[in-house]
Amino acid sequence: MPATAMAFDGVTKQFGDFTAVDNLNFAIPEGCIFGFLGGNGAGKTTSLRMALDILSPTSGRIEVMGKEPSRENAAEIGFLPEERGLYKKMSVLDTIIYFAQLKQMEAAPAKSAAMALLERLELADWAKSPIEKLSKGMAQKVQVATALVNSPKLLMLDEPFSGLDPVNQAMLEDLIAESARNGATVIFSTHVMQHAERLCDRLLMLARGKKAFDGTQDEARAALPSRLALTAKADPSALPGVERTHAGESHDGWTRYEVELQQGIEPDALLEHCTANGVPLRSFDVQVPSLHETFIHFVGADEEIER
Amino acid sequence: MREILLVAKREMRQVIATKGFWIMLAAVPIALAISGFASNQLAPERTTAYSVVDESGRYAPLLETQMQASFRQATLRELSEYAEKWELQHVDPEAPWANRQAWLNPAEIQRFAEAGGAEAAVALLEPELDEDTPPFEIEDPYYTEVALPDGVAIPAVGEEVGERLRSVLEDDITVDDRRLPYGAILHIPANFGQPGAQARIFTNGRSNASLIRNMREILSASVRQDAFAAQGIAPDTAIALQTMQAPVSVIEPPPGEGRSLVATRSLVPIALVYLLLITAVTTGSMMLQGVVEERSNKLFESVLACIKPDTLMQGKLLGLGAIGLIIVLTWAGTGLVAALYFEGFAAEVLRPSLEALDDPLLILAMIIYFLGGYVVLAMVFLAVGAISESMQDAQSYLTPVIFLIMIPVVIVMQAALKGPDEPVALILSWIPLYTPFAMLARLGSGVATWEIIGTIVLLIAFIWLELKLLGNIFRASLLNDGKPTWKRIFSWMGSKDSAG
């Protein structure tokens, strides 16, 4: 069993009468890419802030790399907040060095790490420029650099893709994957399912502060009834294991049906039954549910999220 | 501590990179240079020129003698004050200038003149001066007689004043390469002293009143003397009658005591009050701007992931405190250099002011009040920054805050100078926000030791409380997106954190 990078144990956070996080339990194994999924107000940012000791929980226990949340962990953490900003008058290089030093790096290694990152982010020519001279996308990259400069063991990214153009989104995905390959644990919150689908090993789905799902993508999908599309002569509703069907286009006596199986029934079982019993089929396509569909299944269709 | 220093260093670098900082730093040296230049180059002439057209031939020499005598009297008074202040009476205890009352006695003034006047006294004193004692400077005479410029015609009685006469009086007149204001032209007719004959003084309307009074007194004395003679009174008796003085002696504290000592001792503390106000308000505004920038730029979360809100706040206080100190030291330093350069000021005002602060408790108290006052005000500005969404927002909070600080401070300064026990100053001394101002203003005029210690203890306790409250406001407000209301601000002061 791998060590735990972060664990929430019965964590609740209340602001007055409002409960932002409600009895949350989960554990994030070291070295994985972990997604916090949820709509606005789901409690993603509050959870991350508690893990960073910016907020303290009303009740429950949090462990970050085996320790209580505190600024003493800062040296091992890289954090990219959802709301981003930098000191406008400070130069790009000074900004990154400043944050590196706040994370307990010495000035010289901070400088060489900053320069290496700027090369990687194609910003080396801008090292001496003040932030205010940069485009928004460039400033976002500098902010990413401030999170990565200390080669963190734990990278926490709050909505990292918001505000980035597609090119920079792809670049950030690469950086996240690379950090994970280098052994870092990456936790990021998002309301965009595509990124999570491409990157995450494990997911935590949140709905109004409560845990809706915690596990791998496959586990999430397995929780949904299997669906498939088949082309047959007769309505497959009566076949064993079929929950419901929906007839589509017909052609020369063949009709295409969308089929939803009963919970726990695998498409393989239906195919086996058809071949064994001489049910004529022209096509049999298993449909893997998207993460968006699993999210709607667990959290509900009312949450504001993006595919 | 390392993080506090990092934040402080960043704040300092940010301020030092602004033009405003350098302009402010240079403001006092430039102002001093300008005022120094102005006082050297543009100081008005002290001496006023006048002319006498004496058709009788009797009065002009008399007038000149009398003018000289009254100048000598003033010089004797200044010289005797100087001798007492710098303890130089021992050089010649019998000299008129060794006696503070001598200037009231015509015989003494006469003796002073006969002994060679101020020039002889200065020559006598010069070898006795130690290096801290400035030499006595003989001032220029108040009045100097000049010949009537060419082409100026004195109009007959009842006639219009001619253009030339008018323009001569409007202009300055050159005497020995100096441009002097032309104060008056006195015309004495040949038959002056007889009934109906009158002397006339032509002026430009802005004339020196004492010049006219002098002329009138001297002429009146002369006319009176003639009247005495006409009554058969012997000339000697007449002079004795005229110069008869009622026995009046003027009691003055020695220079450097009494009210003048209070003023001298108050100079440094009161200068500190103004410095405190200026630096606290200017660097406070910088601090506020910085906090508002961080807030509106959504910077806080990144910073707070690395350091605690208290550390951030303390770093800011330290960094901008250091900036404030740099400004104060630069200003005070250039002020001191300027004071030493303009020797008179250094010797007569600054050195006695510094020497009057001879009590270590007083000096320590001054430093504590200054630094304490700075921290108290800086935190008020930081708090305003922490609850403001934008600079515009900050301005609307700041206006009442500045009034809250300034108005009582102005009142207390007035009150404290009247006396250390004015009720307003007494009350404000015990309100921590005003303690530094009230106590600095009162220090010079003498405050009980228990009061100094008591107010310092209260001030330090208040700073501690303010730090706690500000820490809470910082923590709660920085991550809060909503517009702060007074109710929320008060709840922040007490709470550990707030809605995210």
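Residues numbered from 1 in each chain as written. Chains lettered and ligands numbered in written order. Predicted model: local features only at pLDDT ≥ 70, side-chain atom pairs only at ≥ 80, totals over all residues. Heavy atoms only, no water.

J.: So what exactly am I meant to see when it comes to helix α4 (residues 106-114) of chain B here?
T.: Turn by turn, an α-helix covers 3.6 residues, leaving residues three or four places apart pointing in a common direction. Residues and elements named next belong to chain B. Turning to α4, its buried residues number three or more, namely Glu108, Ile109 and Phe112. Buried residues of α4 fall within an arc of 100 degrees about the axis and therefore sit on the same side. In α4, the exposed positions angled more than 90 degrees off the buried face are occupied by Ala107 and Glu114. Next to the buried residues of α4 lie α3 (59-85) and α5 (117-125). A distance of 3.0 Å separates the backbone nitrogen of Ala107 from a side-chain oxygen at the start of α4, and that oxygen is part of Asn105. Gly116 lies just past α4 and shows a positive phi near 105 degrees. (Buried < 20%, exposed > 50% of the residue type's maximum accessible area, 1.4 Å probe, protein only. Helix = DSSP H or I, 4+ residues; strand = E, 2+ residues; numbered from the N terminus. Arc of directions from axis to C-beta. Contact = heavy atoms within 4.5 Å. Polar contact = N/O pair within 3.5 Å; in protein donor to acceptor, adjacent residues only side chain to side chain.)

J.: Looking at this structure, I do not really get the nonpolar core. What am I missing?
T.: Note that soluble globular proteins tend to have their nonpolar side chains buried in a common cluster. Met6 and Met156 of chain A are the most contacted members of the largest nonpolar core, which has 162 residues in total. Here the element with the most residues in this core is helix α13 (residues 360-387) of chain B; it accounts for 17 residues. By size, the runner-up hydrophobic cluster in this structure holds 18 residues, among which are Tyr82, Trp97, Ile109 and Leu129 of chain B. (Core = buried A, V, L, I, M, F, W, Y, C linked by side-chain atoms within 4.5 Å.)

J.: I'm lost on the pattern of salt bridges in this one. Help?
T.: Close approach of charged atoms allows side chains with opposite charge to pair. According to the stated counting rule, one finds 24 salt bridges over all chains in the structure shown. The shortest N-O distance in the salt bridge between Lys44 of chain A and Glu159 of chain A comes to 3.3 Å. Within this pair, whereas Lys44 of chain A is found in helix α1 (residues 44-51), its partner Glu159 of chain A is found in the loop between β6 (154-158) and α5 (166-181), the two being separated by 115 residues in sequence. Of the residues examined, Lys44 of chain A reaches a relative accessible area of 6% and is grouped as buried. Of the charged contacts in the structure, one is a salt bridge between Glu81 of chain B and Arg77 of chain B, with a shortest N-O distance of 3.8 Å. Of this pair, Glu81 of chain B and Arg77 of chain B both sit in helix α3, separated by four residues, roughly a single helical turn. In this structure, a network of salt bridges that share partners links the residues Arg61, Glu63 and Glu68 of chain A. (Salt bridge = Lys/Arg side-chain N within 4 Å of Asp/Glu carboxyl O.)

J.: What exactly am I supposed to notice about the sheet that holds strand β8 (residues 202-207) of chain A here?
T.: Within a sheet, each strand pairs with its neighbour through backbone hydrogen bonds, oriented either parallel or antiparallel. Residues and elements named next belong to chain A. Across the sheet, which stays open at both edges, the six strands sit in the order β5-β6-β7-β3-β8-β9 with mixed pairing between neighbours. In this open sheet, the two strands that pair with only one neighbour each are β5 (77-80) and β9 (210-216). Recorded for the sheet is a direction-independent mean angle of 15 degrees between the axes of neighbouring strands. Sheet topology note: the β5/β6 ladder contains four bridges and is parallel. Its bridge partner being in β6, Leu80 is matched across the sheet by Leu157. (Pairing = 2+ DSSP bridges. Axes fitted to C-alpha atoms, helices over the stretch in contact; angles between N-to-C directions.)

J.: Even after reading the chapter, I still don't get the interface of chain B and chain A, so can you show me in this structure?
T.: Bring the parts together and some accessible area is lost; that lost area is often taken as the interface size. With 27 residues of chain B at the interface, the matching set in chain A holds 29 residues. With both chains or domains summed, chain B and chain A bury close to 2,800 Å², and 55% of this area falls on carbon and sulfur atoms. When the area that chain B buries against chain A is broken down by residue, the three leading residues are Arg10, Glu301 and Cys306 of chain B, summing to 22%. For the pair chain B and chain A, the interface holds two salt bridges. Counting every contact that joins chain B to chain A gives eight residue pairs in polar contact (both at pLDDT 80 or more). For the side of chain B that touches chain A, the elements supplying multiple residues, two or more each, are α1 (2-16), α9 (259-296) and α10 (300-304) of chain B. (Buried area = accessible area lost by both parts, 1.4 Å probe.)

J.: What is the right way to read the side chain of His195 of chain A from this model?
T.: Following the sequence through the fold, His195 of chain A ends up in helix α6 (residues 193-199). Discounting residues that sit within four places of it in the chain, His195 of chain A has contacts with Phe161, Gln169, Glu173, Phe188 and Cys200 of chain A.

J.: For this particular structure, what's the right way to read unusual backbone geometry?
T.: Peptide bonds are mostly trans, and most non-glycine residues show a negative phi. Residues and elements named next belong to chain A. Look at Ser151: it is not a glycine, yet its phi comes out positive at around 40 degrees. Among the secondary structure elements, Ser151 is positioned in the loop between α4 (136-148) and β6. Judged by relative accessible area, Ser151 falls into the exposed class, the value being 61%. Although it is not a glycine, Glu159 adopts a positive phi angle of roughly 50 degrees.

J.: When you look at the confidence of the model for chain A in this model, what are you seeing that I'm missing?
T.: Close inspection of predicted coordinates is inappropriate in any region flagged by low pLDDT. Overall, the predicted model of chain A reaches an average pLDDT of 86, with 97% of residues at or above 70. The least confident element of chain A is helix α9 (residues 291-299) of chain A, whose mean pLDDT is 82; the most confident is helix α2 (residues 92-102) of chain A, at 92. (pLDDT = per-residue confidence, 0-100.)

J.: Looking at this structure, how should I read the pairing of strand β7 (residues 185-190) of chain A?
T.: For a regular strand, side chains alternate in direction, first toward one face of the sheet and then toward the other. Residue and element names in this part refer to chain A. Within β7, six of the six residues are buried, which leaves the element mostly enclosed by the surrounding structure. Burial along β7 is two-sided: Thr185, Ile187 and Ser189 facing one way and Val186, Phe188 and Thr190 facing the other are all buried. Relative to β7, strand β3 (residues 33-37) is paired through five bridges, and the arrangement is parallel. Paired with Phe34 across the bridge in β7 is Ile187. In the sheet, β6 pairs with β7 via five bridges, with the strands oriented parallel. Residue pairing in the sheet places Met156 in a bridge with Ile187 of β7. You can see the chain leave β6, run along α5 and come back into β7, and the turn it takes is right-handed. (Right-handed = clockwise from strand over helix to strand, strands pointing away.)

J.: I would appreciate a short explanation of the packing of aromatic side chains in the present structure.
T.: Two descriptors summarise a pair of aromatic rings, namely the distance from one centre to the other and the angle between the planes of the rings. Residues and elements named next belong to chain A. The full count for this structure, using the stated rule, is 14 aromatic pairs over all chains. On the basis of an interplanar angle of 70 degrees and a centroid distance of 5.8 Å, the ring pair of Phe34 and Phe36 is categorised as edge-to-face. Across the pair, exposure class does not vary: Phe34 and Phe36 are buried alike. Following the ring pairs from residue to residue traces out a cluster consisting of Phe8, Phe26, Phe34 and Phe36. (Phe/Tyr/Trp six-rings, centres within 6.5 Å; stacked < 30°, edge-to-face > 60°.)

J.: Would you mind showing me how to read the packing of helix α7 (residues 209-230) of chain B against helix α8 (residues 235-242) of chain B here?
T.: Each pair of packed helices gets described by two things: the angle between the helix axes and the distance between those axes. All names here are of chain B. Interaxial distance between α7 and α8 falls to 10 Å at its minimum, and their mutual angle equals 140 degrees. Looking at the two axes, α7 sits oblique to α8. Viewed along their axes, α7 and α8 form a crossing whose handedness is right-handed. Across from Ala221, Arg224, Gln225 and Phe228 in α7, the residues of α8 making contact are Ala238, Ile239, Leu241 and Gln242. Residues of the contact of α7 with α8, tallied by class, amount to five nonpolar, two polar and one charged. (Parallel < 35°, antiparallel > 145°, perpendicular 65-115°, else oblique. Left-handed = near helix turned anticlockwise from the far one by under 90°. Nonpolar A, V, L, I, M, F, W, Y, C, P; charged D, E, K, R; others polar.)

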